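So you can see what is in the structure, the chains are spelled out below.
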Amino acid sequence: MINQEKVCDMTKMAAYEDRFGSRELKICMFRRKDFVALEMIKSFFLGTVSYAVILVLCLFCHPEFIDRFNTFASMKKYGIRIGIAYVIFLGAYLVLTFFYARAQHAAAQKNTAGYMRKIRRIHQLYRKDEKDNAGDQQGGHQPVHALPAEVTVGQPQRQPARD
């Protein structure tokens, strides 16, 4: 027999998994510290590439800036400025990534907690059904497919004697 509670919970779980559950379940596989570290490593490389792209675009948009690199001293001066700007940019980007990743992990754990409660509830309902079915078979109730007690497999059934 179909249990309406199980069907309801399974439907809600499937809808959660379809929307954003798969991403949140992957996030929750990591401990918070590991997830944040992974996100910061990704952000370091993406931030470096982003800064390089922005720098190249600025040089193409303002070609007169390239003319200022005529001596080693000016190259050193602008190189230091570009390096300091890179460190500031990357530092700010990594700080933002740190807080965003922590918030993302906390939200994923919060949302996944309801999902896990539903899984435990369905598991308990299945165990209850198994116990009920086992109790019915032991408690004198015979399933429809079971043979009567007096019939054994391989022997013909005796007909009762007529008086």
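Analysis parameters
- Residues numbered from 1 in each chain as written.
- Predicted model: local features only at pLDDT ≥ 70, side-chain atom pairs only at ≥ 80, totals over all residues.
- Heavy atoms only, no water.
- Phe/Tyr/Trp six-rings, centres within 6.5 Å; stacked < 30°, edge-to-face > 60°.
- Buried < 20%, exposed > 50% of the residue type's maximum accessible area, 1.4 Å probe, protein only.
- Helix = DSSP H or I, 4+ residues; strand = E, 2+ residues; numbered from the N terminus.
- Patch = residues over 30% accessible without salt bridge, like charges linked within 9 Å, V, L, I, M, F, W, Y side chains within 5 Å.
- Areas by Shrake-Rupley, 256 points an atom, 1.4 Å probe, with all protein chains shown as cover.
- Salt bridge = Lys/Arg side-chain N within 4 Å of Asp/Glu carboxyl O.
- Contact = heavy atoms within 4.5 Å.
- pLDDT = per-residue confidence, 0-100.
- Expected span 1.5 Å × (residues − 1).

Asks: Give a detailed account of the packing of aromatic side chains, specifying residues and quantitative values.
Replies: Scanning the model with the defined rule gives 6 aromatic pairs in all. Residues phenylalanine 44 and phenylalanine 45 carry aromatic rings whose centres are separated by 5.4 Å and whose planes lie at 75° to one another, so their mutual orientation is edge-to-face. On the basis of relative accessible area, phenylalanine 44 is assigned to the partly exposed category, the value being 35%. Looking at phenylalanine 45, the relative accessible area reads 52%, which means it is exposed. Judged by centre distance (6.2 Å) and plane angle (0°), the ring pair of phenylalanine 89 and tyrosine 93 falls under stacked. Here the residue phenylalanine 89 and the residue tyrosine 93 both occupy positions in helix α3 (residues 72-138), the gap between them amounting to 4 residues, near one helical turn. Phenylalanine 89 gets classed as partly exposed once you look at its relative accessible area, which sits at 29%.

Asks: Tell me what's going on with a nonpolar patch on the surface, and back it up with residues and numbers.
Replies: Together, Met29, Phe30 and Leu38 line one region of the surface with nonpolar side chains, adding up to about 310 Å² of accessible area. You can see methionine 29 is positioned in the loop between α1 (4-28) and α2 (32-61).

Asks: So what about the side chain of serine 43? Which residues, and what values?
Replies: Along the polypeptide, serine 43 turns up in helix α2. The class of serine 43 is buried, set by a relative accessible area of 6%. If we ignore the near neighbours within four places in the chain, the residues touching serine 43 are Leu90, Tyr93, Leu94 and Thr97.

Asks: Please give an account of the pattern of salt bridges that cites residues and values.
Replies: Going through the model one piece at a time under the given rule, you end up with 2 salt bridges. Of the charged contacts, one joins aspartate 34 and arginine 31 as a salt bridge, the two residues approaching to 3.3 Å between their closest N and O atoms. Residues lysine 42 and glutamate 39 are paired through a salt bridge, measuring 3.0 Å at the closest nitrogen-oxygen approach. Taken together, the positions of lysine 42 and glutamate 39, both in helix α2 and 3 residues apart, correspond to about one turn of that helix. The exposure class of lysine 42 is partly exposed, given its relative accessible area of 41%.

Asks: Account for the confidence of the model for the protein, naming residues and giving values.
Replies: Overall, the prediction assigns the protein a mean pLDDT of 77, with 74% of residues at 70 or greater. Mean pLDDT in the protein bottoms out at α1, which sits at 71, and peaks at α2, which reaches 93. In this model residues 144-158 is a low-confidence stretch, pLDDT under 50, and it forms 5 contacts with partners more than four residues away in sequence or in other chains.

Asks: Quick one: what's the story with α2, residue by residue and with numbers?
Replies: Along its 30 residues, α2 runs 42 Å from first to last C-alpha, staying within 8% of the 44 Å computed at 1.5 Å per residue. Those residues of α2 lying buried are Phe35, Val36, Glu39, Ser43, Gly47 and Tyr51.

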